[in-house]
Amino acid sequence: MRKNKFHTLSTFAKINLILLFMLIPLIGLNYYQNLIGTKVVRNEIHRSSETYMSLLTSQIETIANQMSVFALTMNRDSNLSTFTTFEGSRHPYDRYNTIYNIYEKLKLNSLSLPWNNQITVYSPANKKAVSDSGLSTYDEEFLKNNMTPVWKFMPTDYKYGQPYFIRHFSEPKYSSNAPLDSYRIVSEISFSSNNLIKMLEKFKNRHNVHDPFLYSPGYEPLVSNTAQLAHIEQLGTILNDQTMTSSGHETLELQGEKYLVTYKLIDTLGWYLVDYVPIHEALAPIYRSSLIFYTSAAVLIVLCLILSYYIYRNVQIPIRKLLKGARAIAKGDFSTQVEYHSKNEFFVLVFQFNNMARQIKELIESIYESRIRLQQATLKQLQSQIDPHFLYNSLNFIKYSAKKGEEDAVVSMTVHLGAYYRSATRLGKAETTLEEELKLIYNYLEIHKLRMHGMTYDINLPENMAEVEVPRLILQPLVENAIIHGISKSELAGYIRITASAQDGFYMLCVEDNGPGLQEQEQKALIAQIANSKEEDDLCGLWNVAQRINLKYGESAGIGIESSSYGGLKIWLYWPSAADKG
């Protein structure tokens, strides 16, 4: 089956497919080579980033743990035991000596740590605090609100004039529900975020490709002084929308360029160390190699297209013109003529095709004209079939009314009958406006109203439909059907309602009565009878209407039947409104 499909292609298409099949393996091989090379380079970048990240993370955690160990050790110092019972001592010298020993230890340990820091011990019992700067006052309210057994990030305040991290150790062990005065001693250690920024600066200066920063959801990132703030801001927005694990990496686009982003959680601080490396610089040699290959392939493709165009102009163009002409004829455009002036084998073929198209057009036009004449004759015959029986009944009414001396009835019948036939016998034009058609129906109903005492009717015509053109006498058979098969069989006073409307791209003419009506199955049977009725059947009038509206507006027009809200039958005609505009 695939072989058959290939043979149905044009010569031009076959040549292009062969050239394409020759190039696909080469392009695929180059793509695979680039894919493998890119993957190797990415893995190396990731491995390098992880190594640097682990080194910096380890340094930060080591220093933070050293601070924690010192603060924890201070809680167990013997001088602090004396400090907590300060008020019970009777010797001022002992008090001074205790404070001095605590101060010396705090200062010594603080200076031994690589980061600038502050260490304070506080006794809730005597409300005294000693820091590495000496005896000091302490904000107990601050401690109540911010006491934390883990490292906590704090905004700028009086301590450093910039953000900082803080942690507390207590004796006994910290409990979130315990009041502050339940602790014997509380040690507080803190360091400025500037210590971390300095480490980021050193790391970046040592490895200039990297630009690490510290990130925690809900806080401004801590960045080096030379950081690319636009990249970090965009990256922070992306990370805020993600669920981050303890470590990971992914490729993201920042400021229109792809970066390999690596992050690692610093467990002691609860912040992430994030680094991003541009991929383009590392992959530049691979991109250059690909560019050379694809340029060569493009040159080869251009040469192939030149050869293909030569074949296309001398073979494919005349074939396409013939195919286009054949499709036009298949769609019904028999006036199609193919223009081709090159003196080669295709000229004879095009000449014969044009000659064949002319002969088909002449034959179709002859048959079409005959069919039009036949349709016109049929329409006039259908129109004439509506008149005789109705005229006979009307003349009989005039005759009997005259015998009874009912002059008003005779005059009214004569006037309406004359007006009716004056409109009905205008056969010079097959169409009339909807307003004129309903005037004819008005005269027709007035004639029947004289014959059927108590009969009433309503005619509703929207102003915007008054000039819509319809075939003459298209509505009269429906009204006649409503009278003969509807209200004439009812014991109630007869009522007929005629409505014109437009909706959903269609015009509709609806005739309803209050007669006995039909059941749903009977309605379906009536529709089938109208579709299959012959001229001599009782349903000749409805059949005529269905035939005429289909001939005039095509298959989208038709007749419909359903039960009326007035109790009888509702019959309507519908046709596309675009047909009237056309």
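1. Some thoughts on the nonpolar core
- Counting residues in hydrophobic clusters, the biggest one holds 50 residues, and the most contacted among them are Leu445, Leu475, Val479, Ile496, Ile498 and Trp575.
- The dominant element in this core, judged by the number of residues it contributes, is helix 12 (residues 434-451), at 8 residues.
- Setting aside residues no more than four positions away along its own chain, Ile496 makes contact with Leu445, Thr456, Tyr457, Asp458, Ala482, Ile483, Ile487, Val511, Glu512 and Asp513.
- Counting residues in hydrophobic clusters, the runner-up holds 37 residues, among them Phe70, Tyr103, Phe169 and Met199.

2. Here we look at the packing of aromatic side chains
- The final tally for this structure, using the stated rule, is 19 aromatic pairs.
- On the numbers, 5.8 Å between centres and 25° between planes, the contact of Tyr219 with Trp271 is stacked. Residue Tyr219 is located in the loop between strand 7 (213-215) and helix 7 (229-240), and its partner Trp271 is located in strand 10 (residues 271-278); the two are separated by 52 residues in the primary sequence.
- Connected via pairs of aromatic rings, a cluster forms that spans Trp115, Trp151, Phe153, Phe165, Phe191, Tyr219 and Trp271.
- Here the basic side chain of Lys399 rests over the ring of Tyr400, its NZ or CZ set 5.8 Å away from the ring centre.
- One residue, Lys570, lies across the ring of Trp572, its end atom 5.9 Å from the ring centre.

3. A short note on the environment of His168
- If you trace the backbone, His168 turns up in strand 5 (residues 164-171).
- Along the chain, His168 and Ser68 lie 100 residues apart, while their C-alpha atoms are 8.7 Å from each other.
- Those residues within four positions of His168 in sequence are excluded, and the remaining contacts are Tyr138, Leu143, Asn146, Met147, Thr148, Pro149, Val186, Ser187 and Glu188.
- Looking at His168, its side chain comes within polar contact range of the side chain of Glu188, at 2.8 Å.

4. A few points about helix 11 (residues 407-424)
- Taking 1.5 Å per residue, 18 residues should reach 26 Å; helix 11 reaches 25 Å between its end C-alpha atoms and fits that length.
- Those residues of helix 11 that sit buried are Ala409, Val410, Met413, His416, Leu417, Ala419, Tyr420, Tyr421, Ser423 and Ala424.

5. Things to note about the sheet that holds strand 9 (residues 257-266)
- Within the open sheet, the 4 strands sit side by side as 7-10-9-8. Their pairing is antiparallel. Here the strands that pair on one side only, and so sit at the sheet edges, are strand 7 and strand 8 (247-254). Pairs of neighbouring strands in the sheet enclose a mean axial angle of 35°, with direction left out of account.
- Of the strand pairs in this sheet, strand 8 and strand 9 are connected by 8 bridges, and their pairing is antiparallel. From the neighbouring strand, Gly248 faces strand 9, where its bridge partner is Tyr263.

6. A few points about the environment of Thr82
- Examined against the element boundaries, Thr82 turns out to sit in helix 3 (residues 78-84).
- For the pair Thr82 and Arg95, spaced 13 residues apart in the sequence, the C-alpha separation amounts to 8.5 Å.

7. Re the packing of helix 11 against helix 12
- Two numbers describe how helix 11 lies on helix 12: the axes approach to 9 Å, and their chain directions differ by 150°. If you check the angle between helix 11 and helix 12, you find them roughly antiparallel. By crossing handedness, the relation of helix 11 to helix 12 is classed as left-handed. Contacts from Ala409, Ser412, Met413, His416, Leu417, Ala419, Tyr420, Ser423 and Ala424 in helix 11 reach Leu440, Tyr442, Asn443, Tyr444, Glu446, Ile447, Leu450 and Arg451 in helix 12.
- Split into classes, the residues belonging to the contact of helix 11 with helix 12 amount to 11 nonpolar, 4 polar and 2 charged.

8. Here's the deal with the pattern of salt bridges
- Across all of its chains, the model carries 6 salt bridges by this definition.
- In this structure, the salt-bridge partner of Glu140 is Lys127, at a minimum N-O distance of 3.0 Å. Within this pair, whereas Glu140 is found in helix 5 (residues 140-146), its partner Lys127 is found in the loop between strand 1 (117-123) and strand 2 (128-131), the two being separated by 13 residues in sequence.
- Glu520 is the partner of Lys524 in a salt bridge, and the nearest nitrogen-oxygen pair spans 3.8 Å. Note that Lys524 and Glu520 are positioned in helix 14 (residues 520-532) at a spacing of 4 residues, about one turn of the helix.

Reading the values: rules and limits
- Residues numbered from 1 in each chain as written.
- Predicted model: local features only at pLDDT ≥ 70, side-chain atom pairs only at ≥ 80, totals over all residues.
- Heavy atoms only, no water.
- Core = buried A, V, L, I, M, F, W, Y, C linked by side-chain atoms within 4.5 Å.
- Buried < 20%, exposed > 50% of the residue type's maximum accessible area, 1.4 Å probe, protein only.
- Helix = DSSP H or I, 4+ residues; strand = E, 2+ residues; numbered from the N terminus.
- Contact = heavy atoms within 4.5 Å.
- Phe/Tyr/Trp six-rings, centres within 6.5 Å; stacked < 30°, edge-to-face > 60°.
- Lys NZ or Arg CZ within 6 Å of the ring centre and 35° of its normal.
- Polar contact = N/O pair within 3.5 Å; in protein donor to acceptor, adjacent residues only side chain to side chain.
- Expected span 1.5 Å × (residues − 1).
- Pairing = 2+ DSSP bridges.
- Axes fitted to C-alpha atoms, helices over the stretch in contact; angles between N-to-C directions.
- Parallel < 35°, antiparallel > 145°, perpendicular 65-115°, else oblique.
- Left-handed = near helix turned anticlockwise from the far one by under 90°.
- Nonpolar A, V, L, I, M, F, W, Y, C, P; charged D, E, K, R; others polar.
- Salt bridge = Lys/Arg side-chain N within 4 Å of Asp/Glu carboxyl O.

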